[in-house]
Amino acid sequence: MSAPPAAAPPPPGNNDWRANIPQSYRSEEVNAIAKVLAELEPGAVLASKLMLASQFENQMFAGATDLANYRKKIQKRLKKMQKNYKAPAATSVVVLLEQQKEQVVQLQRRLKSLYGEKLELIVKYGKATVKEFGKNGHEKADNLMNHIDQAITWAADIGVIPVDKAVLVRTGQSVRIPRRSPQEYLAHLNKISGDLEKRVDNIRGYCVKMMRHDIFFAEKLDEMEENV
């Protein structure tokens, strides 16, 4: 059994190599590790190994000296596991469900720590932002509304706000979260993780620019100082 191919590495940066590694790259590595771990255990699926894979990747990331060493450590450890791993005795369905539930909680906690404040700001100012942005044209405001409603849904999905407080701008009604098994929820949260990393800053940027001028100008000044 061979380890999955490495994700395409990010471009070289300054001496602080960890600061130049985007979360999307690390997420790809976590998925690749989870795939190997799932293949080692009969009946296991990728989603059930994401939390373990995340801990594995964090350990490699913290201990590596550079990007090449990080990749080497991961591949070496995975090959060793593939050679020596012995599958544990069959786990009862009840125990497996409890483990998956705990993994959901841990992943929600991680996403909240990374994106909670940004999502809270979007939830608070989303409706007013769409109204103000409507002065630029209905079509643009409608498109922004879709993005803001998606962010509000993410906020409910990861537990930043209660579902009944996650009111969509378009409908004025609370978000409806479909029922999912713990395994399905893990897969869903993993997808959300990638979406948040790619999109939440842009959505928040509109809310800050339209409704929180103090934050907008403070961040612009910080940006200018960093570029001097």
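Our subject is the structure listed above.
Everything quoted here is computed from the prediction, not taken from an experiment.

Caption draft 1: Here's a closer look at the overall build of the protein. Within the protein, the secondary structure is distributed over seven helices and zero strands. Listed N to C, the secondary structure of the protein is α-α-α-α-α-α-α in terms of helices and strands. Per-residue burial for the protein yields a buried fraction of 39% across its 228 residues. Sequence-distant contacts in the protein: of pairs separated by 6 or more residues, those separated by 24 or more amount to 65%. When the accessible surface of the protein is totalled, it reaches about 14,000 Å², and 53% of it is carbon and sulfur.

Caption draft 2: Highlighting the packing of helix α1 (residues 23-40) against helix α3 (residues 67-84). For the pair α1 and α3, interaxial distance at closest approach is 10 Å and the crossing angle is 10 degrees. What the angle tells us is that α1 and α3 run roughly parallel. The segment α1 lies against α3, with Tyr25, Arg26, Glu29, Ile33, Val36, Leu37 and Leu40 engaging Leu67, Tyr70, Arg71, Ile74, Leu78, Met81 and Gln82.

Caption draft 3: Representation of the packing of aromatic side chains in the model. Counted according to the given criterion, the structure contains five aromatic pairs. With centroids separated by 6.2 Å and ring planes inclined at 45 degrees, the aromatic side chains of tryptophan 17 and tyrosine 70 adopt a geometry described as tilted. Residue tryptophan 17 is found in the segment before α1, and its partner tyrosine 70 is found in helix α3; the two are separated by 53 residues along the sequence. Ring centres of phenylalanine 61 and tyrosine 70 lie 5.5 Å apart, and the angle between their planes is 85 degrees; on these two criteria the pair is classed as edge-to-face.

Caption draft 4: Quick peek at the nonpolar core. Membership of the largest hydrophobic core comes to 39 residues, with the highest contact counts inside it found for Leu119, Ile122, Ile148, Ile158, Leu189 and Leu196. Those elements that place two or more of their residues in this core are α4 (93-133), α5 (138-157) and α6 (182-211). Setting aside chain neighbours within four positions, we find leucine 119 in contact with Ala151, Trp154, Ala155, Ile158, Val160, Leu196 and Val200. Judged by nonpolar contacts, the second largest core, of 19 residues, contains Leu37, Leu40, Phe56 and Tyr70.

Caption draft 5: Geometry of α6. With 30 residues, α6 extends just 37 Å between its outermost C-alpha atoms, more than 12% less than the 44 Å of an ideal straight helix rising 1.5 Å per residue. Where α6 bends most, the angle comes to about 45 degrees, and this point is arginine 199.

Caption draft 6: Fine view of α1. Between its terminal C-alpha atoms α1 stretches 26 Å, which fits the 26 Å expected from 18 residues at 1.5 Å a residue. Counted residue by residue, α1 has 13 buried out of 18 residues, so it is predominantly covered.

Caption draft 7: Focus on a positive patch on the surface. Where like charges cluster on the molecular surface, the positive patch consists of Lys72, Lys73, Lys76, Arg77 and Lys80. Here lysine 73 shows up in helix α3. For lysine 73, a relative accessible area of 32% corresponds to the partly exposed category.

Caption draft 8: Region of the structure containing the pattern of salt bridges. Per the counting criterion, the structure on display carries ten salt bridges. Note that arginine 204 and glutamate 219 form a salt bridge whose closest N and O atoms lie 2.6 Å from each other. Residue arginine 204 is located in helix α6, and its partner glutamate 219 is located in helix α7 (residues 213-227); the two are separated by 15 residues in the primary sequence. What makes arginine 204 buried here is its relative accessible area of 15%. Since its relative accessible area comes to 35%, glutamate 219 is described here as partly exposed.

What counts as what
Residues numbered from 1 in each chain as written. Predicted model: local features only at pLDDT ≥ 70, side-chain atom pairs only at ≥ 80, totals over all residues. Heavy atoms only, no water. Helix = DSSP H or I, 4+ residues; strand = E, 2+ residues; numbered from the N terminus. Buried < 20%, exposed > 50% of the residue type's maximum accessible area, 1.4 Å probe, protein only. Contact = heavy atoms within 4.5 Å. Areas by Shrake-Rupley, 256 points an atom, 1.4 Å probe, with all protein chains shown as cover. Axes fitted to C-alpha atoms, helices over the stretch in contact; angles between N-to-C directions. Parallel < 35°, antiparallel > 145°, perpendicular 65-115°, else oblique. Phe/Tyr/Trp six-rings, centres within 6.5 Å; stacked < 30°, edge-to-face > 60°. Core = buried A, V, L, I, M, F, W, Y, C linked by side-chain atoms within 4.5 Å. Expected span 1.5 Å × (residues − 1). Bend = angle between axes of the 7 residues up to and from the residue. Patch = residues over 30% accessible without salt bridge, like charges linked within 9 Å, V, L, I, M, F, W, Y side chains within 5 Å. Salt bridge = Lys/Arg side-chain N within 4 Å of Asp/Glu carboxyl O. Lys, Arg positive; Asp, Glu negative; His and termini not counted. Charge placed at Lys NZ, Arg CZ, Asp CG, Glu CD.

Interpretation in functional terms is not warranted from these geometric data alone.
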